[in-house]
Amino acid sequence: MLAALLLVMTVLNIIIGSVPIPLTEVFGLAAGNGADATAQTILWQIRLPRTIAAVVLGGALALSGYLLQTFFHNPIAGPFVLGISSGAKLTVALLLVLVANQVTNISSIAMIAAAFAGALLAMGFVLIMARVVDKMSMLIVGGVMIGYICSAVTDIVVTFASDADIVNLHNWSKGSFSGITWENVRVMSVLVFATTAVIFLISKPISAYQLGEAYAQNMGVNLKLLRMLLVFLSSMLAACITAFAGPVSFVGIAVPHLVKQLFGTAKPLLMIPACFLGGSVFCLLCDLLARTTFAPTEMSISTVTAVFGAPIVIIILFRKQRA
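The structure reproduced in this document is the subject of the present report. (Residues numbered from 1 in each chain as written. Predicted model: local features only at pLDDT ≥ 70, side-chain atom pairs only at ≥ 80, totals over all residues. Heavy atoms only, no water.)

### Description of the overall build of the protein
Spelled out, the test is: Helix numbering and strand numbering both begin at the N terminus, where a helix is a DSSP run of H or I of at least 4 residues and a strand a DSSP run of E of at least 2. In this treatment the radius of gyration is a C-alpha quantity, and the globule benchmark scales as 2.2 Å times the residue count to the 0.38 power. Residue exposure (1.4 Å probe, protein chains only): buried if accessible area is under 20% of the type maximum, exposed if over 50%, otherwise partly exposed.
Across its full length, the protein carries 14 helices and 0 strands. Helices and strands appear in the protein in the N-to-C order α-α-α-α-α-α-α-α-α-α-α-α-α-α. Taken over the C-alpha trace, the protein has a radius of gyration of 20 Å; the compact-globule value for 323 residues is 20 Å, and the two agree within 12%. Counting only residues that meet the buried cut, the protein has 50% of its 323 residues in that class.

What follows is the structure in structure tokens.
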């Protein structure tokens, strides 16, 4: 069902826009038979890279949220809530401002490396707080505060940027899949799918970890190595998203919860591919709404994801309170 939804949403994202492209024309353009040069440029240079980016990064964001929820045993843990996305945003903003004057075109690898460093830094602060505080609610509050601090420092950094850089940083910092190139798509696809493959390979230790640390240890799981892998892999996925699309909110919390409700299980063997597909479908839908609702004006992707994701977080909190 999720795979079918993904196919439908992919087609809709390709054909719908300020310049509609009929499906029959899409097949013609894909085969190289299209005579309309404008439609061909829109399809190959704008819509297809953007759609693939929404699929890859949306899946990565949902999977990152699932790993963090597993690591902290908390249903509202996610890269945006814990401040990991904000940490990645800060280091990418620093790179863009400091290097933009010397280098005209910053590589995708450099963007991801900067975002990964920021994500790990923010994650380090969260882990330090996890050792100090006992309640998970305090940990979430601490993560939100880290996010605010990183956002404030980012705003200070932006004040020293040139006018052109400020416009680019502002658009990127709100979250958007626009401006994605084929080079970006190649880099993000390799990194995200390689990381997802590693996550799938450690699904058995993750399954044991979900049943409790004592149980996992008795089953022979190396807890220290597993925790390090969960932190590293979730940070890598969060870094990829932030580097190319900026901080995207609530997907990492909402999608794993919705998928768990849909399948009635939290088994990693099922949840890993299901979260990826669910995140892809969710981001394709939100991106389509962001582009078309007030066309030609485009909303940020985080605005739309918050509209759908925030109520789900509220429902989760109410359920935990009743429990």
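### What about the pattern of salt bridges?
If the charged atoms of two oppositely charged side chains come close together, the side chains can form a pair. Convention followed: Salt bridge, as used here, is a side-chain nitrogen of Lys or Arg placed within 4 Å of a carboxyl oxygen of Asp or Glu.
Scanning all chains against the criterion turns up 3 salt bridges. Across the pair Glu298 and Arg50 runs a salt bridge whose closest N-O atoms are separated by 2.7 Å. Of this pair, Glu298 sits in the loop between helix H13 (268-292) and helix H14 (301-322) while Arg50 is found in helix H3 (residues 37-72), placing the two residues 248 residues apart along the sequence. Judged by its relative accessible area of 35%, Glu298 is partly exposed. With a shortest N-O distance of 2.9 Å, Glu213 and Arg227 are connected by a salt bridge. Within this pair, whereas Glu213 is found in helix H10 (residues 213-218), its partner Arg227 is found in helix H11 (residues 223-245), the two being separated by 14 residues in sequence.

### What about helix H12 (residues 251-263)?
Rules: How far a helix is expected to stretch is found by multiplying one less than its residue total by 1.5 Å.
Between its terminal C-alpha atoms H12 stretches 18 Å, which fits the 18 Å expected from 13 residues at 1.5 Å a residue. For H12, the full list of buried residues reads Val251, Gly252, Ile253, Ala254, Val255, Pro256, His257 and Val259.

### Observations concerning the packing of helix H9 (residues 203-210) against H13
Going by this rule: The axes used here are C-alpha line fits, helices contributing only the stretch in contact, and every angle between their N-to-C directions lies in the interval 0 to 180 degrees. Each angle receives one of four descriptions, namely roughly parallel if under 35 degrees, roughly antiparallel if over 145, roughly perpendicular if within 65 to 115, and oblique otherwise. Between two residues, a contact is recorded if the distance between any of their heavy atoms is within 4.5 Å. Note that Gly is not counted as nonpolar here; it falls among the polar residues with everything else outside the nonpolar set of Ala, Val, Leu, Ile, Met, Phe, Trp, Tyr, Cys and Pro and the charged set of Asp, Glu, Lys and Arg.
Contact geometry of H9 with H13 gives a least axis separation of 9 Å together with a crossing angle of 110°. Classed by the angle they form, the pair H9 and H13 counts as roughly perpendicular. Contacts between H9 and H13 involve Ser203, Ile206, Ser207 and Gln210 from the former and Pro268, Leu269 and Ile272 from the latter. Within the contact of H9 with H13, the residues separate by chemical class into 4 nonpolar, 3 polar and no charged.

### A look at the packing of aromatic side chains
Ring pairs (aromatic) are described by centroid distance and by the angle formed between their planes. Put simply, the test is: Working definition: a ring pair exists when centres of Phe, Tyr or Trp rings (six-membered ring for Trp) sit within 6.5 Å. Plane angles under 30 degrees give stacked, over 60 give edge-to-face, the rest tilted.
Scanning the entire structure with this criterion turns up 5 aromatic pairs. Ring geometry for Phe71 and Phe72: centres 4.8 Å apart, planes at 85°, overall edge-to-face. Side by side, Phe71 and Phe72 carry an identical accessibility label, which is buried. Seen in terms of ring centroids, Phe193 and Phe276 are 5.7 Å apart; in terms of plane orientation they differ by 35°. Their pairing is tilted. In this pair, Phe193 is assigned in helix H8 (residues 182-201) and Phe276 in helix H13, connecting sequence segments 83 residues apart.

### Re the environment of Ser234
Threshold: Each polar contact in these results corresponds to two N or O atoms within 3.5 Å; when the atoms are within protein, one needs to be able to donate a hydrogen and the other to accept it, and residues that are neighboring in sequence are counted only if both atoms are side-chain atoms.
Along the chain, Ser234 turns up in helix H11. Since its relative accessible area comes to 1%, Ser234 is described here as buried. Between the C-alpha atoms of Ser234 and Thr196, which are 38 residues apart in sequence, the distance is 9.9 Å. Those residues within four positions of Ser234 in sequence are excluded, and the remaining contacts are Ser64, Leu67, Leu68 and Met123. Here Val231 takes part through its backbone oxygen, which lies 3.1 Å from a polar atom of the side chain of Ser234.

### Focus: the environment of Gly279
Within the secondary structure, Gly279 sits in helix H13. Considering only alpha carbons, one finds Gly279 and Val259, 20 residues apart in sequence, at a separation of 9.4 Å. When neighbours within four sequence positions are excluded, Gly279 is seen to be in contact with Gly58, Gly59, Ala62 and Val255.

### Examining a nonpolar patch on the surface
Quick reminder of the rule: Think of a patch as exposed residues, more than 30% relative accessible area, with no salt bridge, where like charges cluster within 9 Å and nonpolar side chains (Val, Leu, Ile, Met, Phe, Trp, Tyr) cluster within 5 Å. For every accessible area listed, the method is Shrake-Rupley and the probe measures 1.4 Å; residues are considered covered only by the protein chains on display.
Taken together, the side chains of Met1, Leu5, Leu262, Phe263 and Leu270 present a nonpolar region at the surface, about 470 Å² in accessible area. When you line up the elements, Leu270 lands in helix H13. For Leu270, a relative accessible area of 35% translates into the label partly exposed.

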